[in-house]
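Spelled out from the first residue to the last, the chains are:
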Amino acid sequence: MTYEPTEIVKASFNFPKEELGGLKELAARRSIPVTQALRQAVASEQFLQRLADEDKKILVQDEDGNLQQIVFSQTQTVRAATAA
């Protein structure tokens, strides 16, 4: 899916150094500009929040086939719980 913004607005944000470093690392791994990585991160968060709002489960499967549920709290802390 290609993101086609209808209007670009310049914004300024304060980030902790570690989070900015993580954003830059994400951009470098994907070979995209940092602003595009930020837009993708926001879109991913919105998608995950919609799933959580609809009481859907988000599962991750490891290489052995074990499933863990990713649980988002109201403060957006993520924790893994073994799925039954």
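All of these numbers come straight from a predicted model, not from anything done at the bench.

**Some words on the overall build of the protein chain**
Scanning the protein chain from terminus to terminus reveals two helices and three strands. Listed N to C, the secondary structure of the protein chain is α-α-β-β-β in terms of helices and strands. By the burial criterion, 8% of the 84 residues in the protein chain qualify as buried. Counting every atom, the protein chain has about 7,500 Å² of accessible surface; 52% of that belongs to carbon and sulfur.

**Digging into the pairing of strand β2 (residues 67-72)**
Judged from the four bridges that link them, strand β1 (residues 58-61) and β2 form a sheet pairing that is antiparallel. Note that in β2 the partner of Ile58 across the bridge is Ile70. Connecting β1 to the antiparallel partner β2 that follows it, the hairpin turn spans five residues, and Gly65 within it adopts a positive phi of roughly 90°.

**Quick notes on the packing of helix α1 (residues 17-30) against helix α2 (residues 34-53)**
With their axes 8 Å apart at the nearest point, α1 and α2 run at an angle of 105° to one another. Viewed along their axes, α1 and α2 adopt a mutual orientation that is roughly perpendicular. Here α1 contributes Leu23, Lys24, Leu26, Ala27 and Arg30 to the contact with α2, which in turn contributes Val34, Ala37, Leu38 and Gln40. In the contact of α1 with α2, the residues fall into six nonpolar, one polar and two charged.

**Some details on unusual backbone geometry**
Unlike most non-glycine residues, Ser31 shows phi in positive territory, near 55°. Non-glycine residue Asp55 carries a positive phi angle of around 60°. Within the secondary structure layout, Asp55 lies in the loop between α2 and β1. Look at Asp55 and you get exposed, because its relative accessible area is 71%.

**With respect to α2**
Residues spaced three or four apart along an α-helix face the same direction, because each turn holds 3.6 residues. Between its first and last C-alpha, α2 extends 28 Å over 20 residues, near the 28 Å set by a 1.5 Å rise per residue. Backbone geometry just after α2 places Asp55 at a positive phi near 60°.

**Observations concerning the confidence of the model for the protein chain**
Of all residues in the protein chain, 80% have pLDDT values of 70 or greater, and the mean over the chain is 84. Ranking the helices and strands of the protein chain by mean pLDDT puts α1 first, with 95, and strand β3 (residues 78-82) last, with 56.

Cut-offs used in this document
- Residues numbered from 1 in each chain as written.
- Predicted model: local features only at pLDDT ≥ 70, side-chain atom pairs only at ≥ 80, totals over all residues.
- Heavy atoms only, no water.
- Helix = DSSP H or I, 4+ residues; strand = E, 2+ residues; numbered from the N terminus.
- Buried < 20%, exposed > 50% of the residue type's maximum accessible area, 1.4 Å probe, protein only.
- Areas by Shrake-Rupley, 256 points an atom, 1.4 Å probe, with all protein chains shown as cover.
- Pairing = 2+ DSSP bridges.
- Axes fitted to C-alpha atoms, helices over the stretch in contact; angles between N-to-C directions.
- Parallel < 35°, antiparallel > 145°, perpendicular 65-115°, else oblique.
- Contact = heavy atoms within 4.5 Å.
- Nonpolar A, V, L, I, M, F, W, Y, C, P; charged D, E, K, R; others polar.
- Expected span 1.5 Å × (residues − 1).
- pLDDT = per-residue confidence, 0-100.

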